[in-house]
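Listed below, chain by chain, are the residues.
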Amino acid sequence: MLKIAFHPCYAHSLPEGHRFPMLKYELIPEQLLHEGCIAQENLFKPNYCSDEIILWTHDAAYLEKLHTQNLSASEQRKIGFPQSVALTQRELMITKGTMDCCLYALDHGIALNVAGGTHHAFADRGEGFCLLNDMAVAANWLLKKGLAKQILIIDLDVHQGNGTAKIFESEHRVFTFSMHGAHNYPFHKEQSNLDLPLLDGTDTETYLGLLQQELPKILEEVKPDFAFYLSGVDILETDKFGKLKVSLEGCKQRDAFVFESLKEKAIPVTVAMGGGYSPDVKTIVEAHCNTFRLAKDLFLILLIICSCFFKLSAQAQFSMRGTVLDSISKQPLAGINLFLSHTSIGTTTDQSGHFILDRIPQGKFELVISSLNYETRSISINTGHLPESIQLLLKPTANELQEVIVEPYDEDGWDRWGRYFNAHFIGNSALAADCKLINPDVVKFRYSRKNNTIRAFSREKLIFDNKALGYRILYLLTKFEYNLVERSFYYSGYPQFEEMRPKNPDEKKRWDKKRKEAYQGSIMHFMRALYDNQLEKEGFEIHQVLKVDYPEYKRASSLFKAYSKALKNKEPITISKDSLEYYKKASKLGANEYTVMLDQLITKDDVVEPIDTSIDATAQFMGFTGWLRVTYQHKRDPIEYARITLKRIDHINSDINLPNNIGLSIYPNGTYFYGYNLFIEGYWSWWEKLSTHLPTDYQPELP
């Protein structure tokens, strides 16, 4: 769910005639709510940032001046605002809003602050309408809490982020990129990691060309795991102080390019609005609203099937009640389906639009609200902060899946592409034979010759009967793509599990047995064992794996031969034990082999550490470099898997990697957050399909 930080105090009262357009902070959320782009649930009110966190970035003496209203007349002139208690409180709230947005961005890919982007604030002083540097404070907080390792700040305000550049001039974990007017304020520029000064009169084409040239290179070289984006609209040709000639559409294209670039690399981003001084406040508001509209459109498809947000506990259960209304008529809606994604927990609204959702385990969940005639919504809920009652607004589907309506689809799609969908969505295991899609007619396909990609989509829930495990699965498909050339696939959506009723006790026993077999050696089983530090007891081993191409094979072989020769001739040679093991194994690889598994076992302490309890009470952080091989000792390769891979039957094993250099938050029930950063090869990539999935509230019976 898109989350936006806003508080009425953002629109701080200023003396009449002041040039700063404070009114925009009030008008932006009003416009977005009026047009239906967002609902009240998207907005949240931040609290005040604590002094302790502020002091990780700002000087104590300066903070004391803000609290005691002891700024000199000169210091106030440089800031541009008259000092007041309310102004300081506003800055503390904006800063906390940016910090909170970081957590929402880690959950959903993006979050936005209606204010913020106060990049002229230095550690010891304020300047240019900026008292506290909200992005700098939030970046230092992320680093200190271990929530990010490499941060990129993309500053596209027309004025250089001089305070931000100075604060991070010696911090290698934060890369500052500023694209600004060369002859604009501040007239003394600090040195960012990369500055792109623009000449007065720079037009839309030149501006976008420079950004499209530089940003991809920065992302490739810096490899950030978190980004801040300052989306200043003072680059507009209508701006009184900007001196550039960028059109309103060009400003929108800029935001779209930044968002698409970050989304492509799965980099979460917190966005602040920055400056804008066009004479007509409507122009400022429209340009800023475009940023929110793009964020909603581009980032809401980031819900990946592996990205679960749950913290389950069998000891405590909660309930939630509320009402679902039509967003336009405000009339109650009956028969609306609500469920916790990836679980068997759900309900529907009654004739008055009311619902009660029972049996909610302790933790954090995605609550999905769906109906055929209304847009599907999802909101994050946490049992630690459940409201007494909640009102949910659903928007009619007049424009839902517009892409599907506009783009042509293959009339014979299922006949042509259905087997690909079944193979990669349902799977090819023995269990897949008893997992059937009941309504294949609702699935539409489109083939792109340019990209050799098959896309599947549906406006209705897909209904699967998995008679092998005893579940009916109602699936809201948000994305399915299969690349015919690369043979890679991607899918995302919301599954809801319903227990099927067994015909007799024997069928119930068969289901229990098959469920346990599906669970044993699965990713869920592994993550639970890892979390509980029970890898050995549960039958898992982890080893480091090194990938070897032909040039590396030749190099390793040569080094091992040199070592063997020196050993034979009793000549001194120094090679570490691990390196020697690797060279020896690499030199003996067969023609179709390309991995070397080292002997030393990897333990939980090597890959997992607790997360600060102030951030998440139950999560642990899993992070590692390179490739790891996970072997499950209590199960061997199924015959159908061995036939496909042409490998001898052995204990099942899977190779895992973190291609985006971002770790995973793992939870006691085996779910994990940031699943799209986990790349899998081997058994799990074949096994983990819909036919083998179990609800996250599944618990195997004890022997």
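Values in this document were obtained by computation on a predicted structure and should not be read as measured data. (Residues numbered from 1 in each chain as written. Predicted model: local features only at pLDDT ≥ 70, side-chain atom pairs only at ≥ 80, totals over all residues. Heavy atoms only, no water.)

Undergrad: Any chance you could break down the overall build of the chain for me, citing the residues and the numbers?
TA: Helix and strand counts for the chain stand at 20 helices and 30 strands. For the chain, whose C-alpha radius of gyration is 28 Å, the value lies close to the compact-globule estimate of 27 Å for 703 residues. Along the first, second and third principal axes, the C-alpha atoms of the chain reach 85 × 80 × 50 Å. Counting over 703 residues, the chain shows a buried share of 55%. (Helix = DSSP H or I, 4+ residues; strand = E, 2+ residues; numbered from the N terminus. Rg over C-alpha atoms; globule rule 2.2 N^0.38 Å. Buried < 20%, exposed > 50% of the residue type's maximum accessible area, 1.4 Å probe, protein only.)

Undergrad: So what's going on with helix α9 (residues 248-264)? Which residues, and what values?
TA: Look at α9: 24 Å from first C-alpha to last across 17 residues, which is about the 24 Å you get at 1.5 Å a residue. Here α9 has its buried residues at Gly-250, Cys-251, Arg-254, Asp-255, Ala-256, Phe-257, Val-258, Phe-259, Ser-261 and Leu-262. Within two residues after α9, Ala-266 carries a phi angle of roughly 55°, on the positive side. (Expected span 1.5 Å × (residues − 1).)

Undergrad: Just give me the short version of the packing of helix α5 (residues 85-108) against helix α6 (residues 134-144), but keep the residues and values in it.
TA: It is at 8 Å that the axes of α5 and α6 come closest, and there the two elements cross at 45°. Comparing their axes, α6 and α5 come out oblique. Like other packed secondary-structure pairs, α5 and α6 cross with a definite hand, here right-handed. Residues Thr-95, Thr-98, Met-99, Cys-102 and Leu-103 of α5 lie in contact with α6, whose contacting residues are Asp-134, Met-135, Val-137, Ala-138, Trp-141 and Leu-142. Residues that form the contact of α5 with α6 fall into these classes: eight nonpolar, two polar and one charged. (Axes fitted to C-alpha atoms, helices over the stretch in contact; angles between N-to-C directions. Parallel < 35°, antiparallel > 145°, perpendicular 65-115°, else oblique. Left-handed = near helix turned anticlockwise from the far one by under 90°. Contact = heavy atoms within 4.5 Å. Nonpolar A, V, L, I, M, F, W, Y, C, P; charged D, E, K, R; others polar.)

Undergrad: Which residues make up the packing of aromatic side chains, and what values go with them?
TA: Throughout the structure, instances matching the rule amount to 34 aromatic pairs. Measuring from centroid to centroid gives 5.1 Å for Phe-81 and Phe-129, while their planes differ by 25°, and the two rings are stacked. Highlighted residues: Phe-81 in the loop between α4 (73-79) and α5 and Phe-129 in the loop between β3 (110-113) and α6, separated in sequence by 48 residues. Each member of the pair, Phe-81 as well as Phe-129, is classed as buried. Aromatic side chains Tyr-229 and Phe-259 sit 5.9 Å apart centroid to centroid with 90° between the ring planes, which places their arrangement in the edge-to-face category. Residue Tyr-229 is located in strand β7 (residues 226-230), and its partner Phe-259 is located in helix α9; the two are separated by 30 residues in the primary sequence. This pair shows no difference in class: Tyr-229 is buried, exactly as Phe-259 is. Counting every residue linked through ring pairs, the aromatic cluster contains Trp-414, Phe-421, Phe-425, Phe-445, Phe-464, Tyr-475 and Phe-480. The cationic tip of Arg-125 hangs over the ring face of Phe-122; the distance from NZ or CZ to the ring centre is 3.8 Å. (Phe/Tyr/Trp six-rings, centres within 6.5 Å; stacked < 30°, edge-to-face > 60°. Lys NZ or Arg CZ within 6 Å of the ring centre and 35° of its normal.)

Undergrad: Account for the packing of helix α8 (residues 204-222) against α9, naming residues and giving values.
TA: One way to put it is that α8 packs onto α9 with a least axis distance of 10 Å and a crossing angle of 10°. Classified by the angle their axes make, α8 and α9 are roughly parallel. Of the residues in α9, those touching α8 at Thr-204, Tyr-207, Leu-208, Leu-211, Gln-212, Leu-215, Pro-216 and Leu-219 are Gly-250, Gln-253, Arg-254, Phe-257, Val-258, Ser-261 and Leu-262. The residue makeup of the contact of α8 with α9, split by class, is nine nonpolar, five polar and one charged.

Undergrad: Talk me through the confidence of the model for the chain; I want residue IDs and the actual numbers.
TA: Put simply, the chain has an average pLDDT of 86, and 92% of its residues get 70 or more. Low pLDDT, under 50, characterises residues 301-315; the predicted model gives this stretch 65 contacts beyond four residues in sequence or across chains. Predicted confidence is poor over residues 399-406, with pLDDT under 50, and the contacts of this stretch with residues over four places away or in other chains come to 10 contacts. (pLDDT = per-residue confidence, 0-100.)

Undergrad: Tell me about unusual backbone geometry, and name the residues and values.
TA: In this structure, the amide linkage connecting Tyr-185 to the following residue, Pro-186, adopts the cis form with an omega of -5°. Tracing the backbone shows Pro-186 in the loop between β5 (174-181) and β6 (194-198). Within the chain, His-342 stands out as a residue other than glycine whose phi angle is a positive 70°. Mapping His-342 onto the fold places it in the loop between β10 (337-340) and β11 (346-348). Positive phi, normally seen in glycine, also occurs at Asn-533, with a value near 55°. Position of Asn-533 among the secondary structure elements: in the loop between α14 (523-531) and α15 (535-538).

Undergrad: How would you summarise the pairing of strand β21 (residues 488-499) if you had to cite specific residues and measurements?
TA: Bridge count for strand β20 (residues 471-483) against β21 is 12 bridges, and the pairing is antiparallel. Bridging from a neighbouring strand, Tyr-475 pairs with Pro-495 of β21. From the end of β20 to the start of β21, which pair antiparallel, there are four residues, and Arg-487 there has a positive phi angle of about 60°. (Pairing = 2+ DSSP bridges.)

Undergrad: Residue-level account of the sheet that holds β7, with values.
TA: With parallel pairing, eight strands are arranged side by side in an open sheet as β2-β1-β3-β8-β7-β4-β5-β6. The strands lining the two open edges of the sheet, one partner per strand, are β2 (43-44) and β6. The sheet contacts of α5 involve β1 (3-5), β2, β3, β7 and β8 (269-272), and relative to β3 the element is tilted by about 165°.

Undergrad: With reference to specific residues and values, describe the sheet that holds strand β22 (residues 540-547).
TA: Judged by pairing direction, the sheet is antiparallel, and its five strands sit side by side in the order β23-β22-β26-β27-β30 without closing on themselves. Here the strands that pair on one side only, and so sit at the sheet edges, are β23 (595-601) and β30 (679-682). Between one strand axis and the next, the sheet turns through 35° on average, direction left out of account. When strand β27 (residues 651-657) meets β30, the two strands line up antiparallel, connected through four bridges. Its bridge partner lying in β30, Ile-656 is registered against Ile-680. Along the sheet, α14 makes contact with β22, β26 (627-636) and β30, crossing β22 at roughly 105°.

Undergrad: I'd like a description of the side chain of Thr-631, backed by residues and values.
TA: Within the secondary structure, Thr-631 is located in strand β26. With sequence-adjacent residues up to four places away left out, Thr-631 is seen in contact with Gly-539, Phe-540, Glu-541, His-651, Ile-652 and Asn-653.

Undergrad: Break down the pattern of salt bridges for me, with residues and values.
TA: As enumerated under the stated definition, the model contains 20 salt bridges in all. Close ionic contact of Glu-517 with Lys-514 constitutes a salt bridge, the shortest N to O distance being 3.8 Å. On the criterion of helical spacing, the pair formed by Glu-517 and Lys-514 is a turn pair, its members being three residues apart in helix α13 (residues 505-519). The exposure class assigned to Glu-517 is partly exposed, which follows from its relative accessible area of 31%. (Salt bridge = Lys/Arg side-chain N within 4 Å of Asp/Glu carboxyl O.)

Undergrad: Go over the environment of Ser-448 with me, naming the residues and quoting the values.
TA: Along the chain, Ser-448 falls in strand β17 (residues 444-448). Overall, the relative accessible area of 16% leaves Ser-448 in the buried class. Between the alpha carbons of Ser-448 and Pro-361 there is a distance of 43 Å; along the sequence they are 87 residues apart.

Undergrad: Account for the nonpolar core, with residues named and values stated.
TA: The biggest cluster of nonpolar side chains holds 99 residues, and the ones touching the most others in it are Ile-151, Phe-177 and Phe-228. Once you skip the residues sitting within four places of it in the chain, Phe-228 turns out to touch Thr-98, Cys-102, Met-135, Ala-138, Ala-139, Leu-142, Ile-151, Leu-152, Ile-153, Ile-154, Val-269 and Thr-270. If you look at the next biggest cluster of nonpolar residues, it comprises 61 residues, including Phe-464, Ile-473, Leu-530 and Leu-690. (Core = buried A, V, L, I, M, F, W, Y, C linked by side-chain atoms within 4.5 Å.)

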